[in-house]
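A closer look at the structure
Residues per chain, in single letters:
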Amino acid sequence: MAYHFSLSLLLSLLLFTYFPSNSQSNQFCEAGIGYDEVGCGISSSSTKLLIKGGTVVNAHHQEIADVYVKDGIIVAVKPNLRVGDDVKVIDATGKFVMPGGIDPHTHLAVEALNTESVDDFFSGQAAALAGGTTMHIDFVIPVNGSLIAGLKAYEKKAKKSCMDYGFHMVITKFDDIVSRDMEIMVKEKGINSFKFFLAYKGVLMVNDELLLEGLKRCKSLGALAMVHAENGDAVFEGQKRMIQLGITGPEGHALSRPPLLEGEATARAIRLAGFVNTPLYVVHVMSIDAMEEIAKARKSGQRVVGEPVVSGLALDDSGLWDSDFTTASKYVMSPPIRASGHGKALQDALSNGVLQLVGTDHCVFNSTQKASGIDDFRKIPNGVNGIEERMHLVWDLMVESGQISVTDYVRVTSTECARIFNIYPRKGAIIAGSDADIIILNPNSTFEINARSHHSRTDTNVYEGRRGKGKVEVTIAGGRVVWENNELKVVPGSGKYIEMAPFSYLFSGIDRADASYLSSLNAPVKRFKSTT
């Protein structure tokens, strides 16, 4: 007993020396999620790094070069750089040196169905770093419709963050107060995107009138409108139909919200955005139906961004019919994972540019939480994992198969997200002046995914047992080596909030298009009044 007490006291003194904020350190040490206790709270103290001999890959170019990092910023990218003796050197010969991944779609510490997702802004981000993602953008849910209150709640949640993050804002109602607060979010809080749910009737869902008001306000502020596209009224009807048929298990979730309802809502949102003439971002595109609507709109010249998520690319819906409820329920997400064939079509769309970037919709609940819907699929909390697995799976699915190039890989996992949300080239690039968020990927190494070794707090994994080629061996976040030799070294509170400015490249020329439209109307027509 005395031995354990003295060891604990020594560890506490060490932690206090490195990190005065004991509460943050303890969040790491007491996380209980399998991290090496020896590395508890300890990160690389070196402020200078040299990555030597790797193939540096950006979205449009690759070259063999060294990368020199100082104080969290990339200082130089050139062959055969010479530096002093006080620099940590990492040999990347034969490996790819790329921008860290940016996940545009996550839900950490989100409340749903009277519970909260098990990954918070520490555990979820730690998992991300182990998988090569160095920034994510999470969705702020308003509190009783209030954007200000919602942001305050999420700022509190994010205090334990260990990597950089940004925020999207969800809109659940629209009035003069919301309109004013949207302006505050954009001009003062660094939020340049707003999400509208066309699903989850009675909870988050908005009608067409509210969506139109929101689209107009987004346009005026230079903020990107995002939609979760499913027809919520029809889904509600589909859920009642399944219950009436006695289909209460996880398969009822998929059957109640088929692809045509995703396609309908996607088409409707695209047309309304076209009517307002503002860019639109469609989150988690899961079906051929939705993808084809995006393809048609983009072909016509409309500015629509399509975001598949890794679960939609890599999985099919067969797991929902598993005879074991725990296994089947872990696949429940919305829109649902689709039948075989949809995933390959989404991969093709990603490779030919119809879809632009890959997210995860990481939102995890453990098997006990999922079991709350054992007798009614409507009560199963929606969400799957992916924040740690995305970079590996996209490489294996898309690069190893020859569907996309290495430069395209950087584009769909990092650069395009940075461009869309207006943080490029600070993020999403390995060039002088960019943040030192870097990964080293070994194309000859292999990976295996399972719940025993992942860094998420959930006890299941929808990619259980999956193996592939191409492994992130080193992750550098803000100039700190946080993942190396399969060891994670992260510090709660070390992450930074990244403000994102409005009027990204998607808005270029919108005003000219509006002027052209107005001049084409040939109206109002001057008419003579009848004298009779």
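The preceding data block contains the structure.
For the structure given in this document, a descriptive report is provided here. This structure is a prediction, so every number in the text was calculated from the model and none was measured. (Residues numbered from 1 in each chain as written. Predicted model: local features only at pLDDT ≥ 70, side-chain atom pairs only at ≥ 80, totals over all residues. Heavy atoms only, no water.)

Some thoughts on the sheet that holds strand 10 (residues 164–170)
- If you trace the 7 strands from one edge of the open sheet to the other, you get 6-9-10-11-12-13-14, paired in parallel fashion. Every other strand in the sheet has two partners, leaving strand 6 (101–106) and strand 14 (304–306) as the edge strands with one partner each. Averaged over neighbouring strand pairs, the angle between their axes works out to 25° when direction is ignored.
- Bridge analysis of strand 9 (residues 133–140) against strand 10 gives 6 bridges, and the strand direction is parallel. By the bridge assignment for strand 10, His136 is matched with Tyr165.
- Together, strand 6, strand 9, strand 12 (224–228), strand 13 (280–282) and strand 14 form the strand contacts of helix 16 (residues 406–420), whose direction differs from that of strand 6 by roughly 60°. (Pairing = 2+ DSSP bridges. Helix = DSSP H or I, 4+ residues; strand = E, 2+ residues; numbered from the N terminus. Axes fitted to C-alpha atoms, helices over the stretch in contact; angles between N-to-C directions. Contact = heavy atoms within 4.5 Å.)

Some points on the pattern of salt bridges
- On inspection of all chains with the given rule, the structure shows 31 salt bridges.
- Note that Lys52 is salt-bridged to Asp66, the shortest N-O span being 3.1 Å. With Lys52 in strand 1 (residues 48–58) and Asp66 in strand 2 (residues 61–70), the pair connects residues that are 14 residues apart, well separated along the chain.
- On the basis of relative accessibility, which here comes to 29%, the residue Lys52 falls in the partly exposed class.
- Where Lys427 meets Asp435, a salt bridge forms, and the shortest distance between an N and an O atom there is 2.9 Å. (Salt bridge = Lys/Arg side-chain N within 4 Å of Asp/Glu carboxyl O. Buried < 20%, exposed > 50% of the residue type's maximum accessible area, 1.4 Å probe, protein only.)

Examining unusual backbone geometry
- Between Ser334 and the following residue, Pro335, the backbone shows a cis peptide bond with an omega angle of -10°.
- Tracing the sequence through the fold places Pro335 in the loop between helix 12 (325–329) and helix 13 (342–351).
- If you check the backbone angles, Asn114 has positive phi at about 65° while not being a glycine.
- Positionally, Asn114 belongs in the loop between strand 7 (111–112) and strand 8 (115–116).
- Positioned with a positive phi, Asn422 is a non-glycine residue whose angle comes to about 65°.
- Mapped onto the elements, Asn422 comes out in the loop between helix 16 and strand 15 (438–448).
- Residue classification places Asn422 among the partly exposed positions, given a relative accessible area of 28%.

A look at the nonpolar core
- Core analysis: the largest hydrophobic core is formed by 106 residues, its most contacted members being Met98, Phe194 and Phe196.
- Ranked by residue count, the leading element in this core is helix 15 (residues 390–399), at 7 residues.
- Phe196 has contacts with Ile171, Val206, Leu210, Leu211, Gly214, Leu215, Cys218, Ala225, Met226, Val227 and His228, leaving out every residue within four places of it along the chain.
- Within the second largest apolar cluster, 21 residues are counted, among which are Leu204, Leu357, Cys417 and Phe421. (Core = buried A, V, L, I, M, F, W, Y, C linked by side-chain atoms within 4.5 Å.)

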